[in-house]
Amino acid sequence: GTGGSFTFGSMPAGLEEPAANKLFPELARSAFELELKLRPGRAPSSTIAVNKHAQFRPHIDSGAGAGQSISLIVALGDFTGGELVVEGEVHD
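Calculation rules
Residues numbered from 1 in each chain as written. Predicted model: local features only at pLDDT ≥ 70, side-chain atom pairs only at ≥ 80, totals over all residues. Heavy atoms only, no water. Phe/Tyr/Trp six-rings, centres within 6.5 Å; stacked < 30°, edge-to-face > 60°. Core = buried A, V, L, I, M, F, W, Y, C linked by side-chain atoms within 4.5 Å. Buried < 20%, exposed > 50% of the residue type's maximum accessible area, 1.4 Å probe, protein only. Contact = heavy atoms within 4.5 Å. Patch = residues over 30% accessible without salt bridge, like charges linked within 9 Å, V, L, I, M, F, W, Y side chains within 5 Å. Areas by Shrake-Rupley, 256 points an atom, 1.4 Å probe, with all protein chains shown as cover. Salt bridge = Lys/Arg side-chain N within 4 Å of Asp/Glu carboxyl O. Helix = DSSP H or I, 4+ residues; strand = E, 2+ residues; numbered from the N terminus. Expected span 1.5 Å × (residues − 1). Arc of directions from axis to C-beta.

1. A look at the packing of aromatic side chains
The final tally for this structure, using the stated rule, is 3 aromatic pairs. Clustering of aromatic rings is evident, with ring pairs tying together Phe-6, Phe-8, Phe-24 and Phe-32.

And the structure:
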């Protein structure tokens, strides 16, 4: 199937609230709860991106949501293939 990406969370003043906050409130709440359970000592994220079959060109996260530049990436579901490349190294 086709893929896509959306974001939920809180944005800094002057930026519009993500539409997914209203479309998927239970998913948003569950995702932030999962983050807290996985990394209880980590500062909470201001936003969470949900991607399905998404491909991105190499980039450096800007931390535009609230200046956070450290990512937490969690894969959910049964799948094959796909890879994550961090600083030029493949992580499967």
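Past the structure itself, the notes keep going.
2. Quick word on the nonpolar core
Residues Phe-8, Ala-20, Ala-28, Ala-31 and Ile-48 constitute the largest nonpolar core, which totals 5 residues. The contacts of Ile-48, once residues within four sequence positions are left out, are Phe-6, Thr-7, Phe-8, Ala-31 and Phe-32.

3. Describing a nonpolar patch on the surface
On the surface, a nonpolar cluster with roughly 420 Å² of combined accessible area is contributed by Leu-34, Leu-38, Leu-72, Val-74 and Leu-76. Looking at where Leu-76 falls in the secondary structure, it is placed in the loop between strand S2 (47–52) and strand S3 (84–86).

4. Some thoughts on the pattern of salt bridges
Under the definition given, this model contains 1 salt bridge. For Arg-42, the salt bridge identified is with Glu-35, shortest N-O distance 2.6 Å. With relative accessibility at 8%, the residue Glu-35 sits in the buried group.

5. Points about helix H2 (residues 25–38)
Along its 14 residues, H2 runs 20 Å from first to last C-alpha, staying within 8% of the 20 Å computed at 1.5 Å per residue. Taken together, the buried positions of H2 are occupied by Ala-28, Ala-31 and Glu-35. One side of H2 carries all its buried residues, which in axial view fall inside an arc of 65°. Exposed residues pointing more than 90 degrees away from the buried face of H2 are listed as Glu-26, Leu-36 and Lys-37. In the core, the buried residues of H2 are packed alongside strand S1 (4–9) and S2.

6. What about unusual backbone geometry?
It is generally the case that most residues other than glycine have a negative phi and that most peptide bonds are trans. Unusually for a residue other than glycine, His-53 sits at a positive phi of about 50°. Within the secondary structure layout, His-53 lies in the loop between S2 and S3. Among the residues examined, His-53 registers a relative accessible area of 61% and is labelled exposed.

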